[in-house]
Amino acid sequence: MSGDGRFTCRLCGHEHRSIALAPGEQAHCVRCDSVIATGSRLGPQGVLVFAITGLIMAVPAAVLPFVSAGKLGNVRVCLLFTDFGALWDGGMRALAVLVLLCGGIIPVAFLSSLVALHAPRRVPGFPEDPAELSRWAQALKHWAIPEVLVLAVLVALTKLGSVVDVTIGPGFWCYCAMTLSLIVAQQAFDLKSFDGGARPRSSQPEAAP
Amino acid sequence: MNTSALASAFKGRAAAGALSVAAAVMLVPANLLPVLSTESSGRERDDTIFSGVVELWRHNLGPIAVIIFGASIVIPVLKLAGLACLIYGARPGGRPDARKLTHLYGALDFIGRWSMLDVFLAAFLTGLVQFGEFSTVQARSGIVAFAAAVVLTVLATQAFDPRTLWHETPAASDDTPER
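Analysis parameters
- Residues numbered from 1 in each chain as written.
- Chains lettered and ligands numbered in written order.
- Predicted model: local features only at pLDDT ≥ 70, side-chain atom pairs only at ≥ 80, totals over all residues.
- Heavy atoms only, no water.
- Helix = DSSP H or I, 4+ residues; strand = E, 2+ residues; numbered from the N terminus.
- Contact = heavy atoms within 4.5 Å.
- Areas by Shrake-Rupley, 256 points an atom, 1.4 Å probe, with all protein chains shown as cover.
- Pairing = 2+ DSSP bridges.
- Axes fitted to C-alpha atoms, helices over the stretch in contact; angles between N-to-C directions.
- Salt bridge = Lys/Arg side-chain N within 4 Å of Asp/Glu carboxyl O.
- Core = buried A, V, L, I, M, F, W, Y, C linked by side-chain atoms within 4.5 Å.
- Buried < 20%, exposed > 50% of the residue type's maximum accessible area, 1.4 Å probe, protein only.
- Expected span 1.5 Å × (residues − 1).
- Bend = angle between axes of the 7 residues up to and from the residue.
- Polar contact = N/O pair within 3.5 Å; in protein donor to acceptor, adjacent residues only side chain to side chain.
- Buried area = accessible area lost by both parts, 1.4 Å probe.
- Nonpolar A, V, L, I, M, F, W, Y, C, P; charged D, E, K, R; others polar.
- Lys, Arg positive; Asp, Glu negative; His and termini not counted.

Draft legend 1. Expanded view of the overall build of chain B. Within chain B, the secondary structure is distributed over seven helices and three strands. The order of helices and strands in chain B, counted from the N terminus, is α-α-β-β-α-α-α-α-β-α. For chain B, the share of sequence-separated contacts (at least 6 apart) that also reach a separation of at least 24 residues comes to 72%. With the model as given, the accessible surface of chain B reaches about 8600 Å², and the carbon-plus-sulfur share is 64%.

Draft legend 2. Summary view of the pairing of strand E6 (residues 74–78) of chain A. Residues and elements named next belong to chain A. Direction of pairing for strand E5 (residues 67–71) relative to E6: antiparallel, over a ladder of five bridges. Paired with Gly-70 across the bridge in E6 is Val-75. The hairpin formed by E5 and E6 contains two residues between the paired strands, and Leu-72 there has a positive phi angle of roughly 50°.

Draft legend 3. Seen up close, the sheet that holds E6 of chain A. Residues and elements named next belong to chain A. Spatially, E6-E5-E7 is the arrangement adopted by the three strands of the open sheet, whose pairing is antiparallel. At either end of the open sheet lies a strand with only one pairing partner, and these are E6 and strand E7 (165–168). Recorded for the sheet is a direction-independent mean angle of 15° between the axes of neighbouring strands. Sheet analysis places E5 next to E7, joined by four bridges and oriented antiparallel. Looking across to E7, one finds that Ala-69 is bridged to Val-166.

Draft legend 4. Spatial organisation of the pattern of salt bridges. A complete count under the given rule lists eight salt bridges over all chains for this structure. One salt bridge connects Arg-135 of chain A with Glu-132 of chain A, and the closest N-O pair in it is separated by 3.2 Å. In this pair, Arg-135 of chain A and Glu-132 of chain A both sit in helix H4 (residues 130–141), three residues apart, roughly one turn of the helix. For Glu-44 of chain B, the salt bridge is made with Arg-140 of chain B, and the minimal N-O distance between the two is 3.9 Å. Here the residue Glu-44 of chain B occupies a position in strand E2 (residues 43–47), and Arg-140 of chain B occupies one in the loop between strand E3 (135–139) and helix H7 (141–159), the gap between them amounting to 96 residues.

Draft legend 5. Seen up close, the nonpolar core. Phe-66 of chain A together with Met-116, Phe-120 and Ile-143 of chain B are the most contacted members of the largest nonpolar core, which has 110 residues in total. It is helix H3 (residues 93–118) of chain A that contributes the most residues to this core, twelve residues altogether. Those residues in contact with Ile-143 of chain B, other than ones at most four positions away along the chain, are Met-92 and Leu-95 of chain A together with Pro-34, Val-35, Asp-118, Val-119 and Ala-122 of chain B.

Draft legend 6. View of H3 of chain A. All names here are of chain A. An ideal rise of 1.5 Å per residue puts 38 Å on 26 residues; H3 measures up with 35 Å between its terminal C-alpha atoms. Of all the bends in H3, the largest measures some 50° and sits at Leu-101. Across the 26 residues that make up H3, a large majority, 19, are buried.

Draft legend 7. Local environment of the side chain of His-118 of chain A. Structurally, His-118 of chain A can be placed in helix H3. Polar side-chain contacts of His-118 of chain A include one of 2.9 Å to the backbone oxygen of Leu-114 of chain A.

Draft legend 8. Representation of the interface of chain A and chain B within the structure. Taken together, the contacts link 64 residues of chain A with 55 residues of chain B. Summing both partners gives a buried area of about 5400 Å² for chain A against chain B, and 71% of it is carried by carbon and sulfur. The interface formed by chain A and chain B includes one salt bridge. The tally of links from chain A across to chain B stands at seven residue pairs in polar contact (both at pLDDT 80 or more). Broken down by secondary-structure element, the contributors of at least two residues to the side of chain A that touches chain B are strand E2 (15–17), strand E3 (26–28), E5, E6, helix H2 (82–89), H3, H4 and helix H5 (146–160) of chain A. Top contributing element to the side of chain A that touches chain B by residue count: H5 of chain A, with twelve residues. Here the side of chain A that touches chain B is composed, by residue class, of 37 nonpolar, twelve polar and 15 charged.

Draft legend 9. Representation of the side chain of Asp-83 of chain A in the model. Residue position: Asp-83 of chain A is located in helix H2. Buried Asp-83 of chain A, no salt bridge; nearest opposite-charge side chain is Arg-76 of chain A, N-O distance 9.1 Å. With sequence-adjacent residues up to four places away left out, Asp-83 of chain A is seen in contact with Val-99 of chain A together with Ala-123, Phe-124 and Gly-127 of chain B.

Below is the structure:
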């Protein structure tokens with residue numbers, strides 16, 4: 001939202017005046033017809049709540065057993081970042097770093113940026129300017145893809161199910177919870193900051209959200 | 001360099017085109033080289049993306065084969081074709097159907113991430129299946145090329161500015177969003 005309360009569609013650049021939306025109601029751009037806002041069902045603190053929940057769930061997801069597999073008496077317990085270590089040791093370091101970033105570090109950084117953006121006070125270590133923070137969050141959003149990792153694990157478990165004994169650990173469920181929190185927070189964030197611009201920390205936008 | 005300056009350095013039709021070409025080049029080794037090597041009871045087997053899909057299909061894992069085929073073969077190709085349409089449509093002097101291409105951009109922006117499925121799958125299997133002489137899985141160079149192709153297509157989509165499709169189109173007179 002620009003300073004005079006007008007919204008710019010990020011896809012076509014058309015400016016709109018702000019309108020009030022009921023929960024669930026969508027506003028479409030008059031020029032390109034893309035959805036530019038949806039009335040929030042979560043309330044103004046929804047993003048903050050889900051972002052904090054995601055951050056909390058990320059801790060047990062990283063330290064508790066993710067998946068264990070057994071074959072002929074050998075049992076191997078994997079943590080979230082075991083695949084990073086295996087790829088790193090196998091000489092595929094660029095791939096290891098990519099997996100670590102997209103599956104672990106960037107989702108946490110994205111959730112942290114959402115917390116900093118929606119927290120009532122400035123969070124130390126993050127930019128003061130909400131517009132700068134919003135741009136950071138937008139940039140991180142494209143690379144925070146824990147839901148793809150969850151699907152990959154489910155595919156792998158289905159594939160391995162007939163070959164080895166597989167047990168899903170609590171770390172995986174915590175990771176799923178983190179992923180769900182991130183998706184909900186991200187959707188609410190998208191609908192608020194569709195212009196990628198600034199939003200005053202203390203006030204709520206007039207149009208959607 | 002702040003984020004907006006960094007973003008603008010990698011923005012534009014030319015940057016999106018260059019990144020798309022690079023992605024297309026990387027898709028060649030990604031599909032020709034093995035992505036996973038499986039050793040089980042002394043027998044070693046290398047699989048490319050396509051042979052892995054065929055193998056899944058043969059083992060009655062049709063739904064998984066379809067998911068992998070879609071995420072690893074169909075989506076990257078569709079995404080490159082879509083980017084080519086966008087880049088061509090946004091050429092100077094072009095008269096693109098801006099509304100359709102904007103919807104295409106939104107779709108490409110959404111589906112791109114799902115191509116990372118095969119990268120995560122290979123990484124997860126490499127970490128989990130390490131049973132010494134009984135069974136091991138190792139990632140191979142094809143998956144690195146595939147990951148590079150996926151990253152490049154995502155960067156190409158980010159580099160393309162959909163607002164350039166609307167330069168030749170007059171702005172709508174109404175400024176009230178439709179409900």
